[in-house]
Every structure is written in C-alpha cells, then in structure tokens.
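Okay, here's what each chain looks like letter by letter:
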Amino acid sequence: MESWIGYVERHDAEVGRLLAAEGRRQRSTLSLIPSENYTSKAVQLALATSYTNKYAEGYPYLWAGDTREETKNGRYYRGQPNTNELERLAIRRALELFTPNPDAYHANVQPLSGSPANLAVLNAFLEPGDTFLGLSLDYGGHLTHGHPVNLTGSIYNAVQYRLNADYELDYEQIRELAHRHKPKLIICGATAYPRQIRFQLLGEIARETGALLVADIAHICGLCVTGYHEHPFPHADVVTTTTHKILRGPRAGLILCRRELGAAIDRAVFPGLQGGPHMNTIAAMAIALREAASPAYHAYAGQVVRNAKALAEGLREAGFVLMGGGTENHLLLLDVVNSMNGLAVRDGHYLAVQLEKAGIVVNKNAIPGDTKPWYPSGIRLGTPAVTTLGMQEPDMARIAAWIVRATRGASDEGELQRIRSEVAAFVEGFPAGELFVE
Ligand code: DSN
C-alpha cells in the first residue's frame, strides 16, 4: 500500500520531499526542547482528515453550561452534526482529565494555541489599562504574561514579578505586589522554570487581594493530571494550557475555568478573538486527551520527571551550572557561559547551534541578568520527547555524556559529526513505529 507521504510526494514533489525529510530529521536526532514531543500516529492522522474542510463558528450549545437537547447547536453555519458531537466529546474529555468535578467546571477547546488562549482569558476579565501580575520573561515567564513586546504587555498594565535568590518564585514579592497594585488578575506559569509552582499559595494571595488566579500550565499539564505536580484546581479560577507539549496532542490551546466564568471565556475566544475553530485539531485533541487519561500516560509522566533528574545529575557532575540547582519537573535550564570550570562557551546561541550539528536539538534561553535575547547565556533542555521514544535513566547518562563531549568539542566540526553519527544510531534504535506517519 502506498504510504501517506508517498501519496503527497506524487501529488506535490516539493512538499512531499520536505515532509519526508522532517520525518527523517525527527527520527535521527535527540529532541530535547522541553516544549516539544512526539504525538501518536492517531493524533497526526486525525489532523489530516476532512474536518479541516468545515467551518464551525460558534459552539455546540447556545450558551456555556446549557445541555438541553434543543439548544445543542450554537453554530452560525449549517452542516454541524459531526462537529457538534466531536466538540462535546473533546470538552467532556478535557473536563474529566483536568478538573476535580466536571459538573462544576467549563472547558473551551477552541483556542488555536497557548498565546490566543492567554490573550482570550485576559480579554475576558480585563479592560484596556487594567492591571495584572505575571512572571517576567527573563525569569522564565512567557511573552503573553505581560512582556512589553507582546499585546498583553501593551494593552494592559502588566506588573512583572520575579524569582528570589534561591531561584524560586518570589511568593513574598508576588504578595506584596498584589496588595500594592490590586490587580484584577494574577497569571502564573512558566516556560523555563525547573521548580514546582505552589498553586495553593498563589490562590491564597489572589483571594487575599481580590484577584482572579489564572494558571498557565502548558509546560506541566501532564505532570499536574498525573500527580507529579500540584494541581492548579481548585486554587486557580482559570487554567490555560497548550495541548502539544507534554500532553502529546496537536498544536492547540485549551481553557478550563470555574463554570460561572465559562460564558465570559467563550465570548472572549469567539467572537472576541477567533473565528472558526479548527475542527480537525479538536478531533486530534480529543484523542490526545483520552490517551493522557491512560495508565500508560501516568507511567510516562513519572518517567519524564525521573529522566529530567537523571539528565540534570549527569550534567551537574560534569560541571554544568543548573539554574535552581537541578529540576523538580521536566526541564533544566543551564547557564552555559559559567559552566564547566572555564571551558565555557561564549553564549547559549552558539552552543545550541553546535549541539544541533551533533544531532542534539535544544533551545537557547535567557537567564536572569541577560540583556541580549538573541545571545542569551542559557540553554533549556527537557525530557518529554525522549521519554516518549522510550528512553530511561541510563539513556539520560549517555545523552549527558554527548552534551559534555559536544560542549568540550564545540569548535571541532569533526567531533560534532562523530557524535551526530552515534546519536543517530542511538535514536534510530528506539522503536517509533506508532509515532510517525510515513
Ligand atoms: N514556545 C513555548 C515554549 O517553548 O516554551 C512557549 O510558548
């Protein structure tokens, strides 16, 4: 039988060639970017279905929370029997996976990704100029948590909090800022924070000061639903997440909230920010949500954390400086400029480029005090993708050894090529048959 990619290659040779090349790249390199993963083949195939042809502006109900039979179609276009059933299924699975009581919460599965999800939440509860608190980007926050170059930092009055000297969220500073600025909303969550987030404490601070607590758990959602990280509910009023990181779903966003906030969230997503939802993506999301409720996913999440600790240990022993001293979740942030007793590379950009030549794919990352985002001092590593391939602690020791060798030999192109061959043979040794559409 002709392969899927073979079919595309026959139809469009240029795109088909690039599809095949990307598959080969992913199967022969180590993906250590903590926000990346490998989805199941079922998730990828659902994305490639006829739902991509269908417009479905609106919701599969007339208003949030309404479940009556006669109001099961709140769409602006006809032809929705399948989209309505599919979106309801995705909503139910999201509520069952993420909330302590599906009847008390609401889910919106339409955000196109994490940034629109966060913007919609801010838009739901804030007027332009209103104040909210968020973690500063250079301390591990996200652009949409109020960075000045992002809309969230220009439309609203974003007050930024930081980490303390122990590389922990500065909960005292957050409390002080919340009392001083009386924000309508506090957003927590991070993209480069190797520690656990104390949602209960943040919920207390929010309630003391009359703010809503929004938890962006894009990086850690899979740990929260399996008990490897404190769960944001019931402390947070609203939770946002992407579905393509540790959750292993399609590139998309998801918002969950207390049921009484659901109508405001829905209005903010559509028509406030977006038009038609991507129903093929929602189909793939529903599959990923079911997969994430399985015992196999629970085991996976535990292994992600154990692997991150093993990788951290291997790198620390070799002299790498780990921000926060190690990891309590799925990721590590290395200060590469000050690592390895003077064998330091000049910046994280350079090291990320050289590591890629060795088949080790990471991203450069700012650490506190950095002033040049393109040439930061750090790199960020994570274990969600390599764990999906089936790697375990001993494999992390091998990866750490390759990173150390590639860092020492960063200016030696021959050494990087030798490592690349070893890495490719190693990665190709893991069975990936269920992960790649070919
Ligand atoms: N780009 C994502 C990450 O890599 O963490 C955040 O949006």
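1. Considering the sheet that holds strand S11 (residues 321–322)
Picture the strands of a sheet paired through backbone hydrogen bonds; they go either parallel or antiparallel.
Consideration 1: Spatially, four strands are ordered S11-S12-S15-S14 in an open sheet, and the strand pairing comes out antiparallel. Edge positions in the open sheet fall to S11 and strand S14 (363–365), since each of these has one partner strand only.
Consideration 2: Where S11 and strand S12 (residues 331–335) come together, two bridges link them in antiparallel fashion. Opposite Val 321, over in S12, you have Asp 335 as the bridge partner.
Consideration 3: Docked against the sheet, helix H12 (residues 295–317) engages S11, S12 and strand S15 (378–382), running at close to 20° with respect to S12.
Consideration 4: The strands that helix H13 (residues 348–357) touches are S14 and S15; relative to S15, the one it contacts most, it runs at about 45°.

2. Observations regarding the nonpolar core
Consideration 1: Residues Phe 98, Phe 125, Leu 185, Ile 217, Val 238 and Leu 256 are the most contacted members of the largest nonpolar core, which totals 92 residues.
Consideration 2: A total of nine residues in this core trace back to one element, the largest contributor, which is helix H11 (residues 279–292).
Consideration 3: Discounting residues that sit within four places of it in the chain, Leu 256 has contacts with Ala 94, Leu 95, Phe 98, Thr 99, His 106, Ala 107, Phe 233, Asp 237, Val 238 and Val 239.
Consideration 4: Counting residues in hydrophobic clusters, the runner-up holds 45 residues, among them Leu 334, Val 362, Val 404 and Phe 436.

3. Structural notes on empty space enclosed by the protein
Consideration 1: Counted according to the given criterion, the structure contains one cavity of 30 Å³ or more.
Consideration 2: Volume-wise, the largest cavity comes out at about 80 Å³.
Consideration 3: For the lining of the largest cavity, the class distribution of residues is five nonpolar, five polar and two charged.

4. Regarding the packing of aromatic side chains
Consideration 1: Counted according to the given criterion, the structure contains nine aromatic pairs.
Consideration 2: Through a chain of ring-to-ring contacts, the aromatic side chains of Tyr 59, Tyr 61, Tyr 76 and Phe 270 assemble into a single cluster.
Consideration 3: Looking at Arg 346, its charged tip hangs above the ring of Tyr 350, at a distance of 4.3 Å from the centre.

5. Topic: the sheet that holds strand S4 (residues 105–108)
Consideration 1: Ordered by their spatial adjacency, seven strands build an open sheet running S4-S10-S9-S8-S7-S5-S6, and the pairing between neighbours is mixed. Each of the sheet's edge strands pairs with one partner strand only, and the pair in question is S4 and strand S6 (157–161). Taken pair by pair, the neighbouring strands of this sheet meet at an average axis angle of 20°, ignoring direction.
Consideration 2: Of the strand pairs in this sheet, strand S5 (residues 131–135) and S6 are connected by five bridges, and their pairing is parallel. By the bridge assignment for S6, Phe 132 is matched with Ala 158.

What counts and how
- Residues numbered from 1 in each chain as written.
- Predicted model: local features only at pLDDT ≥ 70, side-chain atom pairs only at ≥ 80, totals over all residues.
- Heavy atoms only, no water.
- Pairing = 2+ DSSP bridges.
- Helix = DSSP H or I, 4+ residues; strand = E, 2+ residues; numbered from the N terminus.
- Contact = heavy atoms within 4.5 Å.
- Axes fitted to C-alpha atoms, helices over the stretch in contact; angles between N-to-C directions.
- Core = buried A, V, L, I, M, F, W, Y, C linked by side-chain atoms within 4.5 Å.
- Buried < 20%, exposed > 50% of the residue type's maximum accessible area, 1.4 Å probe, protein only.
- 1 Å grid on protein atoms, 1.4 Å probe; cavity = no way out; pocket = protein on both sides within 12 Å on 5 of 7 lines; lining within 4 Å.
- Points joined across faces, edges and corners; volume = space filled by probe spheres on them.
- Nonpolar A, V, L, I, M, F, W, Y, C, P; charged D, E, K, R; others polar.
- Phe/Tyr/Trp six-rings, centres within 6.5 Å; stacked < 30°, edge-to-face > 60°.
- Lys NZ or Arg CZ within 6 Å of the ring centre and 35° of its normal.

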